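Here are the chains, one letter per residue:
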Amino acid sequence: MADLLFEVKDHIATITLNRPEAYNAFSEEMITEWIKALETVRDSDNIRVVIVKGNGKSFCAGGDIKAMQAGEGFFQSEDDISSTGLARKNSLWKRIQRIPLLLEEIDKPVIAQVHGFAMGAGLDMALMCDIRITAKSTKISESYINVAIVPGDGGAYYLPKLIGLDQALDMFWTARVLTADEAKDKGVVTFVVEDHELEEYTLNYAKELASRPTTTLQFIKRAVYQSQKMDLRTSLDYISSQMAIVTELDDFKEGVSAVVEKRKPIYN
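Bear in mind that the values here come from a model prediction, so they are computed numbers and not experimental data.

A few words on the pattern of salt bridges. Considering all chains together, one arrives at 16 salt bridges under this definition. Asp64 serves as the salt-bridge partner of Arg19, at 3.4 Å between the closest nitrogen and oxygen. Residue Arg19 is found in the loop between strand E2 (12-17) and helix H1 (28-43), and its partner Asp64 is found in the loop between strand E3 (49-54) and helix H2 (65-69); the two are separated by 45 residues along the sequence. For the residue pair Arg19 and Asp64, the accessibility class agrees, reading buried in each case. Where Arg222 meets Asp107, a salt bridge forms, and the shortest distance between an N and an O atom there is 2.5 Å. Here the residue Arg222 occupies a position in helix H10 (residues 214-227), and Asp107 occupies one in the loop between helix H4 (98-105) and strand E4 (110-114), the gap between them amounting to 115 residues. Taking the relative accessible area as the measure of exposure, Arg222 reaches 31% and is therefore partly exposed. Taken together, the shared-partner salt bridges connect Arg19, Glu21 and Asp64 into one network.

Now for the side chain of Thr202. Summarising the element assignment, Thr202 is placed in helix H9 (residues 198-210). For Thr202, a relative accessible area of 0% corresponds to the buried category. If we ignore the near neighbours within four places in the chain, the residues touching Thr202 are Ile51, Ile111, Gln113 and Ile133.

Within helix H12 (residues 250-260), the full set of buried residues consists of Asp251, Glu254, Gly255 and Ala258. Buried residues along H12 cover an arc of 100° about the axis, so they all sit on one side. Residues of H12 that are buried in the fold lie against H10. Following H12 by one or two positions, Lys262 has its phi on the positive side, about 55°.

So, on to the layout of surface pockets. By volume, the largest pocket is sized at about 1100 Å³. Along the wall of the largest pocket there are 34 residues; nearest its centre are Met128, Asp130, Tyr158, Lys221 and Tyr225. Among the secondary structure elements, those contributing two or more residues to the lining of the largest pocket are H4, strand E6 (131-135), helix H6 (155-163), H9 and H10. For the lining of the largest pocket, the per-class residue count stands at 20 nonpolar, four polar and 10 charged. Along the walls of the second largest pocket sit 31 residues, with Ala61, Gly62, Gly63, Asp64 and Ile65 positioned nearest its centre. Mapped onto the lining of the second largest pocket, the elements with two or more residues apiece are H2, helix H3 (85-96) and strand E5 (117-119). Top contributing element to the lining of the second largest pocket by residue count: H2, with three residues. In the lining of the second largest pocket, the residues fall into 18 nonpolar, eight polar and five charged.

Conventions used here
- Residues numbered from 1 in each chain as written.
- Predicted model: local features only at pLDDT ≥ 70, side-chain atom pairs only at ≥ 80, totals over all residues.
- Heavy atoms only, no water.
- Salt bridge = Lys/Arg side-chain N within 4 Å of Asp/Glu carboxyl O.
- Helix = DSSP H or I, 4+ residues; strand = E, 2+ residues; numbered from the N terminus.
- Buried < 20%, exposed > 50% of the residue type's maximum accessible area, 1.4 Å probe, protein only.
- Contact = heavy atoms within 4.5 Å.
- Arc of directions from axis to C-beta.
- 1 Å grid on protein atoms, 1.4 Å probe; cavity = no way out; pocket = protein on both sides within 12 Å on 5 of 7 lines; lining within 4 Å.
- Points joined across faces, edges and corners; volume = space filled by probe spheres on them.
- Nonpolar A, V, L, I, M, F, W, Y, C, P; charged D, E, K, R; others polar.

Spelled out as structure tokens, the structure:
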């Protein structure tokens, strides 16, 4: 069985991490297939929403601790990814770090469905997503310092944006393990649901987004993220350009008609 599964159904793509025996820790195959899956998501007009989840008892444990102990790097590889500092850097830059860079190019909603444990880079893979839906029994931690490494995949970029500098530093420095409710209170996760409801809740949320006007959904995501890097004047100029485009689309006409006629809109 492949270390990562990818399927598309009803305009919803599902990326499933599939090393349950290793708590879905990274493997070379997993990272390679993850990159390919995200490239497909980015380039496909048929895909409207993405779910990222893990098989077995956990979402993702991040780097493969057994490979690290054996001096093989952050995952086992036939290539040299550990003998020099440059080799270790490239194992991040050319492989693991391709995931957040690709996610930045995807303007479709990306949902992390999190259960079990999400540790270190595993947690950060969820932080890269737009929405995090978490089972109540989940435990999360920025656990890098426990093995004396830094958050090499983007956690130092994402986490402070969600919870602030001081709270992020506390999580990185202490490797504090949080419950799902504690993570929700801090702003690390978006929703916490009962364990048995996680799959259904996430799928229903994805279906709801997939039923929305696709271009408008994507434009909103672009506006929210890009406005974080703009001053007010630039942001308003940008959003007015978006408004000029979406009000020419059939989805706008359908949405207005549906509101006036008190019915549910039907978007292409």
